[in-house]
Amino acid sequence: MTVKQQFVTIALCVVATMITRFLPFIVFSDKKPTPRYIQYLGKVLPPAIFGMLVIYCLKNVEILSGSHAIPELISILVVIALHFYKRQMLISIAGGTIAYMLLVQLVF
């Protein structure tokens, strides 16, 4: 990529990020109540997205070969335990990721 192409790419990324961040505040102002379907989507989409991410992460796990999905299972248990202990999503995700990487690199 030339310097001009790099600049245009970065500028487009910045503009796209700004639009996605500011647009909800412009469309849904404090003066009008938030529509019910938007409130509904705000409640159901986060769990649905996390469920989809779990399925995506586990789609290529081979239970009958290799490490028999033991590192994945232990990491899932670490995520669940951390979430029940701290109730902090970031800590749960980071803890599970660290546990998985350590298991894969050092144990299995």
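Bear in mind the structure is a predicted one, so any value in this text is a computation, not a measurement. (Residues numbered from 1 in each chain as written. Predicted model: local features only at pLDDT ≥ 70, side-chain atom pairs only at ≥ 80, totals over all residues. Heavy atoms only, no water.)

Section: the layout of surface pockets
Then comes step 1: Of the voids in this model, the largest pocket is the one considered here, and its volume is about 690 Å³.
Then comes step 2: Considering the residues around the largest pocket, the lining is formed by 18 residues, among which Val-54, Ser-75, Ile-76, Val-79 and Ile-93 are closest to the centre.
Then comes step 3: Those elements that provide at least two residues to the lining of the largest pocket are helix H2 (36-58), helix H3 (70-86) and helix H4 (89-107).
Then comes step 4: Of the residues forming the lining of the largest pocket, the biggest block, 7 residues, is contributed by H3. (1 Å grid on protein atoms, 1.4 Å probe; cavity = no way out; pocket = protein on both sides within 12 Å on 5 of 7 lines; lining within 4 Å. Points joined across faces, edges and corners; volume = space filled by probe spheres on them. Helix = DSSP H or I, 4+ residues; strand = E, 2+ residues; numbered from the N terminus.)

Looking at the packing of H3 against H4
Then comes step 1: With their axes 8 Å apart at the nearest point, H3 and H4 run at an angle of 155° to one another. Classified by the interaxial angle, the pair formed by H3 and H4 is roughly antiparallel. Handedness of the crossing formed by H3 with H4: right-handed. Contacts between H3 and H4 involve Pro-71, Glu-72, Ile-74, Ser-75, Val-78, Val-79, Leu-82 and His-83 from the first element and Ile-91, Ser-92, Gly-95, Gly-96, Ala-99, Tyr-100, Leu-103 and Val-104 from the second.
Then comes step 2: Of the residues belonging to the contact of H3 with H4, the class tally is 10 nonpolar, 5 polar and 1 charged. (Axes fitted to C-alpha atoms, helices over the stretch in contact; angles between N-to-C directions. Parallel < 35°, antiparallel > 145°, perpendicular 65-115°, else oblique. Left-handed = near helix turned anticlockwise from the far one by under 90°. Contact = heavy atoms within 4.5 Å. Nonpolar A, V, L, I, M, F, W, Y, C, P; charged D, E, K, R; others polar.)

Concerning a nonpolar patch on the surface
Then comes step 1: A surface patch of nonpolar side chains, about 1,100 Å² in accessible area, is lined by Tyr-37, Tyr-40, Leu-41, Val-44, Leu-45, Ile-49, Phe-50, Met-52, Leu-53, Met-89 and Ile-93.
Then comes step 2: Tracing the chain through its elements places Val-44 in helix H2. (Patch = residues over 30% accessible without salt bridge, like charges linked within 9 Å, V, L, I, M, F, W, Y side chains within 5 Å. Areas by Shrake-Rupley, 256 points an atom, 1.4 Å probe, with all protein chains shown as cover. Salt bridge = Lys/Arg side-chain N within 4 Å of Asp/Glu carboxyl O.)

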